[in-house]
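So you can see what is in the structure, the chains are spelled out below.
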Amino acid sequence: MAAVGSGGSPAAAGPGAVSAGTLEPGTTTAAHRRLKYISLAVLVVQNASLILSIRYARTLPGDRFFATTAVVMAEVLKGLTCLLLLFAQKRGNVKHLVLFLHEAVLVQYVDTLKLAVPSLIYTLQNNLQYVAISNLPAATFQVTYQLKILTTALFSVLMLNRSLSRLQWASLLLLFTGVAIVQAQQAGGGSPRPLDQNPGAGLAAVVASCLSSGFAGVYFEKILKGSSGSVWLRNLQLGLFGTALGLVGLWWAEGTAVAHRGFFFGYTPAVWGVVLNQAFGGLLVAVVVKYADNILKGFATSLSIVLSTVASIRLFGFHVDPLFALGAGLVIGAVYLYSLPRGAAKAIASASASTSGPCTHQQPPGQPPPPQLSSHRGDVSTEPFLPKLLTKVKGS
């Protein structure tokens, strides 16, 4: 399940957050620059490591763990972490914490119930990721999974009445083309694959995961827009539903096998690494995204694709042929173009138009310049959107 984006929530900033009002301007700039680079590194490592660790754990020889139990454990650990953070916010006062949770979860039960739908979808998405990564090379999955940008954009247009720039529409077309090329390479058998892999099932799982990711992210934003709940409270509520729904999915899909072999059957240090990555990775990203603008998110996604590909070559013997390189290059370029702020996108469009004739959409004299992009998650009128980082990366 993806973690709720931090946006401008005070809780997301944490005790070490940089406050522009308490530091000298030069210090603020230097500190913010360092935080941006740290955010970039964290986003790259988390985006790539989760996929690689799942792939590694699923291809190890020996008993294979039950993916449904890993999903449940990740939700339990995530919920407990958020509970501890809320406990710390209440200065260790158990009574205040209990009263707060009673008010936020039970009294305001309508808001709590609204989270059942995205939680169900995120739980489904996490299980689908295991299916997809078990049947596709890590690099192929990482490239194909960027279709979540396309699904999020389409759902945002349909459900939030957002508008996309021409450059964004072009980047989405470029993204789809790149993914199609990568999948054509995969279908053509560009790399040798184990006999137990089913690329068709992997593709179906990743497409379903992208659809669920896009819908859940936009739905979550739509129903909770303007909500005053902290990032940790929302993740705790999602964790409660995620644990319950994950147990239902476990019982339905693998209940008999789990009852016979045990909940932790097949668990190794590598499997626990996957569970911890899923549990804490999303929460960590929810915090660092506060310091990462959309261009940085695009760079992080692009670099994670490169990192996943390089690691796949070393760890799994993945072969990069020209067709895969072309498709991955198109996807990386599309992610970067889509993440550009609208001001930069208009500048590119104007520069392109100036080569064929005078620009007819100049700023009228005396008119104020267009508003700058806001880093606050609630400013949905001007902020370009990227999937899952508003809410993950369900998975991230």
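Residues numbered from 1 in each chain as written. Predicted model: local features only at pLDDT ≥ 70, side-chain atom pairs only at ≥ 80, totals over all residues. Heavy atoms only, no water.

Thoughts on the overall build of the protein chain
Cut-off, in case you're wondering: Each helix is a run of H or I in the DSSP string that is no shorter than four residues. Each strand is a run of E no shorter than two, and both are numbered from the N terminus. To sort residues, take the accessible area from a 1.4 Å probe on protein chains only and compare it with the maximum for the residue type: under 20% means buried, over 50% means exposed, and anything in between is partly exposed. Each accessible area value is a Shrake-Rupley result obtained with a 1.4 Å probe; residue values ignore everything except the protein chains displayed when judging cover.
When you go through the protein chain residue by residue, the secondary structure sums to 15 helices and zero strands. Scored against the burial criterion, the 396 residues of the protein chain give a buried share of 49%. Entry remark: accessible area of the protein chain is about 18500 Å², with carbon and sulfur atoms responsible for 68%.

Describing a nonpolar patch on the surface
Condition: Nonpolar side chains (Val, Leu, Ile, Met, Phe, Trp, Tyr) within 5 Å and like charges within 9 Å form the patches, drawn only from residues with over 30% relative accessible area and no salt bridge. Salt bridges are defined by distance alone: a side-chain nitrogen of Lys or Arg within 4 Å of a carboxyl oxygen of Asp or Glu.
A cluster of nonpolar side chains, Tyr 109, Val 110 and Leu 113, forms an exposed patch at the surface whose accessible area comes to about 320 Å². Turning to its location among the elements, Leu 113 is positioned in helix H5 (residues 109-114).

Looking at the UniProt feature "transmembrane region" (unreviewed entry) in the protein chain
In plain terms, the rule: UniProt positions are given in the numbering used here, feature names are shortened, and annotations may be inferred rather than shown by experiment.
Within this numbering scheme, the UniProt entry marks residues 37-58, 64-87, 169-188, 200-220, 232-252, 264-289, 296-317 and 323-340 as carrying the feature "transmembrane region" (unreviewed entry). Helix makes up 88% of residues 64-87 and strand 0%, and the two end C-alpha atoms of the span are 36 Å apart.

What to know about the nonpolar core
Inclusion rule: Working definition of a nonpolar core: buried Ala, Val, Leu, Ile, Met, Phe, Trp, Tyr and Cys residues. They are joined through side-chain atoms within 4.5 Å. The contact rule is simple, with two residues in contact once any of their heavy atoms fall within 4.5 Å.
Of all hydrophobic cores here, the largest spans 46 residues; its most connected members are Tyr 130, Phe 141, Leu 172 and Leu 175. Sequence-distant contacts of Leu 172, defined by excluding residues within four places in its chain, comprise Ile 149, Leu 150, Ala 153, Leu 164 and Tyr 338. Core analysis: the next-biggest nonpolar cluster, separate from the first, contains 10 residues, Cys 82, Leu 86, Leu 97 and Leu 283 among them.

Here's the deal with the pattern of salt bridges
Scanning all chains against the criterion turns up one salt bridge. Two residues, Asp 111 and Lys 114, come together in a salt bridge whose shortest N-O distance is 3.9 Å. Highlighted residues: Asp 111 and Lys 114, both in helix H5, separated by three residues, approximately one helical turn.

Observations regarding the packing of aromatic side chains
Heads up, the rule is: Aromatic pairing here means that ring centres of Phe, Tyr or Trp (its six-membered ring) are within 6.5 Å. Orientation follows from the plane angle: under 30 degrees is stacked, over 60 is edge-to-face, and everything else is tilted.
Considering all chains together, one arrives at 11 aromatic pairs under this definition. Consider the rings of Phe 263 and Phe 264, whose centres lie 4.9 Å apart with planes at 70°: the pair is edge-to-face. Using a relative accessible area of 25% as the deciding quantity, one classes Phe 263 as partly exposed. For Phe 264, a relative accessible area of 44% puts it in the partly exposed group. Consider the rings of Phe 318 and Phe 324, whose centres lie 5.1 Å apart with planes at 70°: the pair is edge-to-face.

Observations concerning the environment of Gly 239
Tracing the chain through its elements places Gly 239 in helix H11 (residues 231-261). Between the C-alpha atom of Gly 239 and that of Gly 79, which follows or precedes it by 160 residues, the distance is 4.9 Å.

Notes on the packing of helix H9 (residues 166-187) against helix H14 (residues 322-339)
The criterion, for reference: Orientation is described by axes fitted as lines to C-alpha atoms, over the contacting stretch for helices, and by angles from 0 to 180 degrees between their N-to-C directions. Should an angle lie under 35 degrees it is considered roughly parallel, over 145 roughly antiparallel, and from 65 to 115 roughly perpendicular; all remaining angles are considered oblique. Should the near helix be turned counterclockwise from the far one by less than a right angle, the crossing is left-handed, whereas a clockwise turn marks it as right-handed. Residue polarity follows a fixed list, in which Ala, Val, Leu, Ile, Met, Phe, Trp, Tyr, Cys and Pro are nonpolar, Asp, Glu, Lys and Arg are charged, and the others, Gly among them, are polar.
Closest axis-to-axis distance for the H9/H14 pair is 8 Å, and the angle between their directions is 160°. Classed by the angle they form, the pair H9 and H14 counts as roughly antiparallel. In this structure, H9 crosses over H14, and the sense of that crossing is left-handed. Taken together, the residues of the contact of H9 with H14 sort by class into 17 nonpolar, seven polar and no charged.

Observations regarding the confidence of the model for the protein chain
Convention followed: Residue-level confidence of the predictor, termed pLDDT, takes values from 0 up to 100.
On average, residues of the protein chain carry a pLDDT of 76, and 73% of them reach 70 or more. Of all secondary-structure elements in the protein chain, the lowest mean pLDDT belongs to helix H1 (residues 10-13), at 33, while helix H3 (residues 67-89) reaches the highest, 92. Across residues 5-27, confidence stays below pLDDT 50; counting only partners more than four residues off in sequence or on other chains, it has 33 contacts. Residue range residues 352-396 is modelled with pLDDT below 50. Its contacts to residues more than four positions away, or to other chains, number 93 contacts.

Focus on the environment of Ala 328
Positionally, Ala 328 belongs in helix H14. Residue classification places Ala 328 among the buried residues on the basis of a relative accessible area of 8%. Residues Ala 328 and Ile 305, 23 residues apart in the sequence, show an inter-C-alpha distance of 7.9 Å. Setting aside chain neighbours within four positions, we find Ala 328 in contact with Val 143 and Val 182.

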